[in-house]
Amino acid sequence: MTTVNLTNLTKTYPDSGFSVEDFNLEIPSGKITALLGPSGSGKSTLLKLIAGLLTPDNGDLTFDDVSVVGIPAEQRGAVMAFQNNLVFPWLSVGENVAFGLKMRGISKAKRQQQAKEMLNLVQLAGFENRKPSELSGGQQQRISLARALVTQPKVLLLDEPLSNLDAHLREEMRALIQSLQQQFEITTVVVTHDQEEAVILADQIALLFDGKLHQYGEPSDFYQRPTSRRVAEFFGGVNFIDGYATSNKFITDVGIFTTAISDASANTLSIRPEHLQVINTQAENTLGVTLLEQSFMGTYYRYTWQTIQNPELVVISTSTTDLHISIGESTQLLLPTEHLMLLE
Ligand code: ADP
Ligand code: MG
């Protein structure tokens, strides 16, 4: 069990000028933490810093309060899996898994035994003598995972582990990563640009934009309490109404809405599509709308509405049942106070 701490960690690439600056994050022991953010936000840079493949310019990086800055990657006990170049095509599956043990001077008999046990755990028993190229993409990823775990690392680092898999394999790999992570109680850091991947895999998420931490919390926090419009948008938020707040009222060009909270610095009112309710009568916190478009999404219906007072403002609602409203029909949408979020 290892807690990883990043303290004022700074790294600038002289060539591109990109930097992660004064980055602070505590990665809890024995849990899965996702580093989430759009492409180019610095996720892989942070992962390489943790792995020891990059050296920070400033700041500290500790494993259980002991600084690992200056400790070479192979002695640090943090390993990366799921990079294609980590599976050697010329070695057998068994040799690939045993490779890290060979580097540590473990005897051949012991290596083979441990590799075999690990292959059992990743459901590749009996594949020892095959070449990686004879295995499917999903199986190759499992070799990579076995190779990483067989050395009993303190920290497991995964870069986009589910990204290249189809829906079925994705689910299988998610379950495998989670079960191995729990079994080994290994501190795990997952890098991903995909919020869904972060939500289904991680116990907590650190969301990055431009090399900076924007929000840290449990997956549900990002839906229920996004700290900014940018965070809400990244998590699939679509309904944003510009305006300003005075005490617990939010003033917009389509009406005044009562909010449960007051935040004078807010300039955006937001509500998730599943929280909008279609009602026929005008009341407090209702918005007059006309139906523009509807689509059946397989498990729910998605409605696109144009607001009557501001034709440029469009809002989206979802419903698990067909509302039987015709295109062009007008109605009222209720924005329940308890679901209104104030954002900047
Ligand atoms: P992410 O993993 O979030 O997509 P990276 O950490 O790989 O982002 O990269 C962050 C930024 O730093 C990108 O703009 C990338 O082009 C730049 N970058 C990455 N590696 C280098 C490097 N070795 N030299 C210069 N710039 C780099
Ligand atoms: Mg990356």
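Residues numbered from 1 in each chain as written. Chains lettered and ligands numbered in written order. Predicted model: local features only at pLDDT ≥ 70, side-chain atom pairs only at ≥ 80, totals over all residues. Heavy atoms only, no water.

1. Thoughts on the overall build of the protein chain
Then, in step 1: For the protein chain, the helix and strand inventory stands at nine helices and 21 strands.
Then, in step 2: Each principal axis of the C-alpha distribution contributes one length, and for the protein chain these read about 75 × 45 × 35 Å.
Then, in step 3: Expressed as a percentage of the 344 residues in the protein chain, the buried residues total 50%.
Then, in step 4: When contacts within the protein chain are restricted to residue pairs at least 6 apart in sequence, those whose partners lie at least 24 apart make up 65%.
Then, in step 5: Of the roughly 16,500 Å² of accessible surface on the protein chain, a fraction of 48% belongs to carbon and sulfur atoms.
Then, in step 6: Side chains of the protein chain carry 25 positive and 38 negative charges; the gap between the two charge centres is 12 Å. (Helix = DSSP H or I, 4+ residues; strand = E, 2+ residues; numbered from the N terminus. Buried < 20%, exposed > 50% of the residue type's maximum accessible area, 1.4 Å probe, protein only. Contact = heavy atoms within 4.5 Å. Areas by Shrake-Rupley, 256 points an atom, 1.4 Å probe, with all protein chains shown as cover. Lys, Arg positive; Asp, Glu negative; His and termini not counted. Charge placed at Lys NZ, Arg CZ, Asp CG, Glu CD.)

2. Some details on the packing of aromatic side chains
Then, in step 1: Taken as a whole, this structure holds nine aromatic pairs when the rule is applied.
Then, in step 2: On the numbers, 4.9 Å between centres and 40° between planes, the contact of F296 with Y301 is tilted.
Then, in step 3: Pairwise contacts between aromatic rings join F209, F222, Y223, F234 and F235 into one cluster.
Then, in step 4: Positioned above the aromatic ring of F209 is the side chain of R230, whose terminal nitrogen or guanidinium carbon lies 4.1 Å from the ring centre. (Phe/Tyr/Trp six-rings, centres within 6.5 Å; stacked < 30°, edge-to-face > 60°. Lys NZ or Arg CZ within 6 Å of the ring centre and 35° of its normal.)

3. Quick look at the sheet that holds strand β2 (residues 19-27)
Then, in step 1: Taken in spatial order, the four strands line up as β2-β1-β4-β5 in an open sheet, and their pairing is antiparallel. Edge positions in the sheet fall to β2 and β5 (66-67), since each of these pairs with one other strand and no more.
Then, in step 2: Summarising the sheet, strand β1 (residues 4-12) and β2 pair through six bridges and their orientation is antiparallel. Within β2, the residue paired with V4 across the bridge is I27. (Pairing = 2+ DSSP bridges.)

4. So, helix α5 (residues 137-149)
Then, in step 1: Taking 1.5 Å of rise per residue, the 13 residues of α5 would be expected to cover 18 Å, and the 19 Å separating its terminal C-alpha atoms lies within 8% of that figure.
Then, in step 2: In terms of burial, α5 is largely enclosed, as eleven of its 13 residues are buried.
Then, in step 3: Taken residue by residue, α5 has G138, Q139, Q141, R142, I143, S144, L145, A146, R147, A148 and L149 as its buried positions.
Then, in step 4: Where the residues of α5 are buried, they touch β6 (78-81), α3 (93-103), α4 (108-121), β7 (155-159) and α6 (167-184). (Expected span 1.5 Å × (residues − 1).)

5. Re the site of ligand 1
Then, in step 1: Inspection of the region around ligand 1 gives Y13, S16, F18, P38, S39, G40, S41, G42, K43, S44 and T45 as its neighbouring residues.
Then, in step 2: At a separation of 2.7 Å, a nitrogen atom of ligand 1 approaches a polar side-chain atom of S16.
Then, in step 3: In the model, an oxygen atom of ligand 1 is placed 2.5 Å from a nitrogen or oxygen of the T45 side chain.
Then, in step 4: When the free accessible area of ligand 1 is taken as 560 Å², the share hidden by the protein chains comes to 64%. (Near = heavy atom within 4 Å. Polar contact = N/O pair within 3.5 Å; in protein donor to acceptor, adjacent residues only side chain to side chain.)

6. A few points about the layout of surface pockets
Then, in step 1: Here the second largest pocket defines a volume of roughly 330 Å³.
Then, in step 2: Only α3 and α4 provide two or more residues apiece to the lining of the second largest pocket.
Then, in step 3: For the lining of the second largest pocket, the per-class residue count stands at four nonpolar, four polar and six charged. (1 Å grid on protein atoms, 1.4 Å probe; cavity = no way out; pocket = protein on both sides within 12 Å on 5 of 7 lines; lining within 4 Å. Points joined across faces, edges and corners; volume = space filled by probe spheres on them. Nonpolar A, V, L, I, M, F, W, Y, C, P; charged D, E, K, R; others polar.)

7. Section: the side chain of T268
Then, in step 1: Mapped onto the elements, T268 comes out in strand β15 (residues 268-270).
Then, in step 2: Within the structure, T268 has its side chain in polar contact with the side chain of N267 (distance 2.9 Å).
Then, in step 3: Once residues within four sequence positions are removed from consideration, T268 is found in contact with R229, F240, I241, D242, F250, M341, L342 and L343.

8. Brief notes about the nonpolar core
Then, in step 1: Ranked by size, the top nonpolar core spans 43 residues in total, and within it L145 and I177 carry the most contacts.
Then, in step 2: If we ignore the near neighbours within four places in the chain, the residues touching L145 are A81, F82, L156, L158, M173, L176, I177 and L180.
Then, in step 3: With 25 residues, the next largest nonpolar core counts F23, L25, V189 and L208 among its residues. (Core = buried A, V, L, I, M, F, W, Y, C linked by side-chain atoms within 4.5 Å.)

9. Considering empty space enclosed by the protein
Then, in step 1: If you walk through the whole model with that rule in mind, you get two cavities of 30 Å³ or more.
Then, in step 2: Those elements that place two or more of their residues in the lining of the largest cavity are α5 and α6.
Then, in step 3: The element that contributes the greatest number of residues to the lining of the largest cavity is α6, accounting for four residues.
Then, in step 4: Of the residues contributing to the lining of the largest cavity, the split by class is four nonpolar, two polar and two charged.
Then, in step 5: Per-class residue counts for the lining of the second largest cavity are six nonpolar, two polar and one charged.

10. Description of the pattern of salt bridges
Then, in step 1: Per the counting criterion, the structure on display carries nine salt bridges.
Then, in step 2: A salt bridge links E172 to R142, with the nearest nitrogen and oxygen atoms 3.9 Å apart. With E172 in helix α6 and R142 in helix α5, this pair connects stretches of sequence that are 30 residues apart.
Then, in step 3: The partly exposed category is assigned to E172, whose relative accessible area is 34%.
Then, in step 4: In this structure R142 comes out as buried when scored by relative accessible area, which is 10%.
Then, in step 5: In this structure, D210 and R230 form a salt bridge, with 3.3 Å as the shortest nitrogen-oxygen distance. Taken together, the positions of D210 in the loop between β9 (204-209) and β10 (212-217) and R230 in helix α9 (residues 229-234) put the pair 20 residues apart, joining distant regions of the chain. (Salt bridge = Lys/Arg side-chain N within 4 Å of Asp/Glu carboxyl O.)

11. Some details on the environment of L157
Then, in step 1: The topology assignment puts L157 in strand β7.
Then, in step 2: L157 sits 25 residues away from Q182 along the chain, and the two C-alpha atoms are 15 Å apart.
Then, in step 3: Look past the residues within four positions of L157 in its chain and what remains in contact with it is L47, I50, A51, A78, V79, M80, A81 and V189.

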